[in-house]
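# Understanding the architecture of this molecule
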Amino acid sequence: MIDKKATIDAHAKSDKDTGSTAVQVALLSARINNLGVHLAENKKDKHGQRGLQLMNGQRRRLLKYLERTNYDEYIALTDQLKIRRGQRIVR
């Protein structure tokens, strides 16, 4: 089980910040890691696998948005959460 309050406190920009992109990515990463452990033990849980794919897609979209809007924060967050980065989007 993830400790949601601790995760929010670790990545929030202010006291009342619960929905910024960095917080959302951190919460999704914690859920993804937790579900990955579950799926390692329960290989036939197809509904759990689909949920994992959906969460990965949501996190990827949030990270793409963060990369476009605030690249320095994106680099710091991916380093802190140990998420691999793709190639930089140049537009």
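Description of the structure in this document.

Remark: helix α1 (residues 4-11) packs on helix α2 (residues 21-41), axes separated minimally by 9 Å, with the N-to-C direction vectors making an angle of 140°. As for the relative orientation of α1 and α2, their crossing is right-handed in sense. On α2, the residues that touch K4, T7, I8 and H11 of α1 are A22, V23, A26 and L27.

Among the secondary structure elements, S29 is positioned in helix α2. Within the structure, the side chain of S29 is placed 3.1 Å from the side chain of R59, a separation counted as a polar contact. Sequence-distant contacts of S29, defined by excluding residues within four places in its chain, comprise R59, L81 and I83.

It is worth spelling out the nonpolar core at this point. One finds V25, L35, L52, M55, L63 and L77 to be the most contacted residues of the largest nonpolar core, which totals 14 residues. Elements represented by at least two residues in this core include exactly α2, α3 (46-69) and α4 (71-81). Of the residues forming this core, the biggest block, six residues, is contributed by α2.

Take the pattern of salt bridges next. A complete count under the given rule lists three salt bridges for this structure. Close ionic contact of E73 with K13 constitutes a salt bridge, the shortest N to O distance being 3.5 Å. With E73 in helix α4 and K13 in the loop between α1 and α2, this pair connects stretches of sequence that are 60 residues apart. Judged by relative accessible area, which is 61%, K13 ranks as exposed. Where D79 meets R85, a salt bridge forms, and the shortest distance between an N and an O atom there is 2.8 Å.

Analysis parameters
- Residues numbered from 1 in each chain as written.
- Predicted model: local features only at pLDDT ≥ 70, side-chain atom pairs only at ≥ 80, totals over all residues.
- Heavy atoms only, no water.
- Axes fitted to C-alpha atoms, helices over the stretch in contact; angles between N-to-C directions.
- Helix = DSSP H or I, 4+ residues; strand = E, 2+ residues; numbered from the N terminus.
- Left-handed = near helix turned anticlockwise from the far one by under 90°.
- Contact = heavy atoms within 4.5 Å.
- Polar contact = N/O pair within 3.5 Å; in protein donor to acceptor, adjacent residues only side chain to side chain.
- Core = buried A, V, L, I, M, F, W, Y, C linked by side-chain atoms within 4.5 Å.
- Buried < 20%, exposed > 50% of the residue type's maximum accessible area, 1.4 Å probe, protein only.
- Salt bridge = Lys/Arg side-chain N within 4 Å of Asp/Glu carboxyl O.

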